[in-house]
Amino acid sequence: MIRFADILVGNGGQVRCSRCHGEPQPASYRPAEEIAREISMACALWDGMPGPNILLTGAEPFGHPELPALVAAATDAHCRRLCLDTDALALRSPQNAGGSLMAGVRHLRWTILGGTPGVHDALYGEPGALDASVEGIRSFASIASDEALSISVTAVVPVCRHNAHDLPAAAGLAVDAGVDRILLHVEDGGLDLASALPWMSAACDTGVVNGVWVEVEGVPFCLLPGYDLHVADAVRERPGAKTPLCATCALDRVCAGAPAGASADQLATLSPPPFAARLAVSVSRARGVDA
Amino acid sequence: MATAPLRCAMLALNSPGYRSLALGYLRAYAQSDRRLAGRVAFETLDLDTDVDPWWVAWRVLGLEPDVLAVSVTCWNARAVYEVCRIVASVRPECAIVLGGPEVGPAAAEVLAAHSEVGVIVRGEGELTFADLLAELAGGGKAWRVDGITLRRSGEIVATPDRALVANLDDLPSPYLTGVLTPVDGGAYLETYRGCPHRCAYCFEGKGYGRIRSFSDERIAAEIDFVAAAPGVSTFSFIDPVFNLTGERLRMLAARMAPHVARGVRLHTIEVDIERIDPEAAAVLRSAGVASVETGPQTIGAGALEACHRPFNAERFVAGVAALRQTGISCECDLIVGLPGDDAYDFLAGLRFVLALDPGKIQSSTLHVLPGTELWERAAELGLEFDREPPHEVIATPGIGFRDLRRAEVLASSLQTAYRARI
């Protein structure tokens, strides 16, 4: 529900599934002055509350040689919430974790590809990466606690055919690392949603029973009967929507939807048509990232 | 030979850092009662809810009480019952007397469920408790005291209700009598009893039916005493609506003014936000108000109607905006699980308060409290709730068990994200 304006600090080098996207490309970064101008403009033009809120994304922000200047630009522009989209590796250093906190960073979007090294490290292509990144998150949270600073960490899991089975473990790991929100973002058009949905449901349950909210992006309501509150649209966009679950849906224009008044049990028997998965992904992309 | 005084231990289990105002009133009144002078010795144990009940019992038993009087709320009830069981086992001759919003409205039910409890004081307790002590100290008959429920010859018996105190100034001030010592941040003042609203889920009005106020002179004396107490820089008011009337608000602000000039501030006072315009916000500011707490609790039409809650979105938004402009932090409260609401109504409420950027958002789950309309009408409204305190709602016709838990977690996550700011 809390929106962030995405500001690209560069391109490449982020945590992505190497089997879907190939080997990671080295990051390239934009000039600090240019980014600072965009930050300033985004804050000045912010038209909703609460905010303004800025997300530095596009490439690992700790790789930007002038990150402190970018953070300073955000605070100078009266940014209320500053979020870094990070792999958290740099946060293992107390200097980085403490420095970013003291400078004003309060939110992290932390990307993981799975809940076990066997999945995350294998898909990322770097042994030891998962443990190191968990260490970074814990370091950030520990210093924030010592300094009595309120922080929010969202674990983002890009869901693809290679990690869907590991979603419950990913949720468990994120809970254990201390996040307060988990975002399952379906980004693989070739993902067999029908087989992935039980894993998503299990991940949602893993979060909830541990007091951590799990949100699902890229899946229509009708595909997650009984779990519709977890669908991002429910949280962000539906103004007082009621049953039937798909009364107002991002897919309305192309999908006839579930039968009006259908029960959750009836909805569960619907077999998702092949186009639904592809469509869900394109809708998700069209909507853009919303931290 | 002089008879040893009745030893009366008064116990409250409070949120950490707070002291029980209720016990303060009870003790201040009882100590002022000439019938009890020299016949009853009082000792107050103001402990925190996080103290283990066995150690609470240790402290109580160390006083070797003849009477144990406990103030019970839904939050401390489970611990209180455990303490009472232990105390009754070790010291069966001790009379255990309970009072407070958790037990008064359900007195017979509580006595039936807790054999260790002897007497329950119903409703406003000051006069009733003093009368009861007078009977106990004199070896008299407790059943002659109005306003209690007790066991008599194996039966649970309720004596007639007691009339409300006509003039609140007849109740000595816990602060001015020295019974309560103000502590920074934890001191509360009460300027009136009753509530102008009739929200179906709330027991704030305690069934008083009408509003009775302490005199302006008494209020002024308490403000001056607490605000000037050593080490006190913040305190609060327990009144359900601080801005009850414009005239009253200005009176309180004028009384606070010299203390505000010294840096004293009021925190977390409850206001009727829809009656706050820029002028009222300025008066609140001049009263030293740093933060307020308010609704809307819900914005769902069905729940508002079921709970008799007035809600005008435009005035609410204007009220929050006026406070923001004046620099007063506002906590907007929401309740999940109200009858008439479903999960999406709750989400709409979250979106509404979030868009106001009030400063703090607090969501809680409905508690179906004894004495409230929802307690009485739970079956009719289809409310499933835990009969054991704190009486949390389990499921409603609009939102099932699993979605209730989801809504709680979602709201908690949102509060964390909202709070995390520069």
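Just so it is clear, the structure is predicted and the values come from calculations on it, not from any experiment.

1. Quick look at the overall build of chain A
In terms of regular secondary structure, chain A is built from 11 helices and eight strands. Taken across its 291 residues, chain A has 51% of its residues classed as buried. For chain A, restricting intrachain contacts to residue pairs at least 6 apart in sequence, the fraction spanning at least 24 positions comes to 75%.

2. Looking at the overall build of chain B
Along the backbone of chain B there are 14 helices and 18 strands. Scaling as 2.2 N^0.38, a compact globule of 422 residues should have a C-alpha radius of gyration of about 22 Å, and chain B matches this with 22 Å. Judged by the C-alpha coordinates and their principal axes, chain B covers about 70 × 50 × 35 Å. The 422 residues of chain B split such that 50% are buried. Taking the contacts inside chain B whose residues are at least 6 apart along the sequence as the reference set, 74% of them involve residues at least 24 apart.

3. A look at the interface of chain B and chain A
Chain B puts 27 residues into the contact, and the matching count from chain A is 29 residues. Take the side of chain B that touches chain A: its biggest share by element is 12 residues, from helix 14 (residues 401–419) of chain B.

4. Notes on the sheet that holds strand 13 (residues 269–270) of chain B
All names here are of chain B. One open sheet holds the four strands; their spatial order is 13-14-15-16, and the pairing between them is parallel. Two strands lie at the open edges of the sheet, namely strand 13 and strand 16 (359–365), each paired on one side alone. In the packing of helix 11 (residues 343–356) onto the sheet, contacts are made with strand 14 (291–297), strand 15 (329–336) and strand 16, and the angle to strand 15 comes to roughly 175 degrees. In the packing of helix 14 onto the sheet, contacts are made with strand 15 and strand 16, and the angle to strand 16 comes to roughly 165 degrees.

5. A look at the pairing of strand 14 of chain B
All names here are of chain B. Taken across its seven residues, strand 14 has five buried, putting it largely inside the fold. In the sheet, strand 13 pairs with strand 14 via two bridges, with the strands oriented parallel. In the strand pairing of strand 14, Glu270 is matched with Glu293. Judged from the six bridges that link them, strand 14 and strand 15 form a sheet pairing that is parallel. Across the sheet, residue Thr294 finds its bridge partner in strand 15, namely Cys332.

6. Regarding helix 7 (residues 167–177) of chain A
Residues and elements named next belong to chain A. Within helix 7, the full set of buried residues consists of Leu167, Ala169, Ala170, Ala171, Leu173, Ala174 and Val175. Contacts made by the buried residues of helix 7 are with strand 6 (152–159), strand 7 (181–186), helix 8 (193–209) and strand 8 (213–217). Among the residues trailing helix 7, Gly178 stands out with phi positive, at a value near 105 degrees.

7. Observations regarding the domain arrangement of chain B
All names here are of chain B. Domain annotation for chain B reports domain 1 (6–158) and domain 2 (182–419). Here the C-alpha centroids of domain 1 and domain 2 sit 29 Å apart. Listed by partner, the interface residues are 14 residues for domain 1 and 16 residues for domain 2.

8. So, the sheet that holds strand 2 (residues 40–48) of chain B
Residues and elements named next belong to chain B. Ordered in space as 2-1-3-4-5-6-7, the seven strands form an open sheet in which the pairing is mixed. Where the open sheet ends on each side, the last strands, each with one partner, are strand 2 and strand 7 (155–158). Shown here is a sheet whose adjacent strand axes are inclined to one another by a mean of 20 degrees, direction ignored. Looking at chain direction, strand 3 (residues 67–71) and strand 4 (residues 95–99) are connected through five bridges and run parallel. The residue of strand 4 that forms the bridge with Ala69 is Val97. Across the sheet, helix 3 (residues 77–90) touches strand 1 (6–14), strand 3 and strand 4, and the angle it forms with strand 4 is around 170 degrees. Contacting strand 1, strand 2, strand 3, strand 4, strand 5 (119–121) and strand 6 (148–152), helix 5 (residues 126–137) runs over the sheet at an angle of about 145 degrees to strand 1.

9. Focus on the environment of Ala155(A)
All names here are of chain A. Relative to the elements of secondary structure, Ala155 occurs in strand 6. A count of 28 C-beta atoms within 10 Å places Ala155 in the buried class. Sequence separation between Ala155 and Val179 is 24 residues; the distance between their C-alpha atoms is 6.5 Å. When near neighbours in sequence (up to four residues on either side) are disregarded, Ala155 contacts Trp110, Ile112, Ala174, Val179 and Ile182.

Conventions and cut-offs
Residues numbered from 1 in each chain as written. Chains lettered and ligands numbered in written order. Predicted model: local features only at pLDDT ≥ 70, side-chain atom pairs only at ≥ 80, totals over all residues. Helix = DSSP H or I, 4+ residues; strand = E, 2+ residues; numbered from the N terminus. Buried ≥ 20, exposed ≤ 12 C-beta atoms within 10 Å, placed from the backbone. Contact = placed C-beta atoms within 7 Å. Rg over C-alpha atoms; globule rule 2.2 N^0.38 Å. Pairing = 2+ DSSP bridges. Axes fitted to C-alpha atoms, helices over the stretch in contact; angles between N-to-C directions. Domains from an automatic or database assignment.

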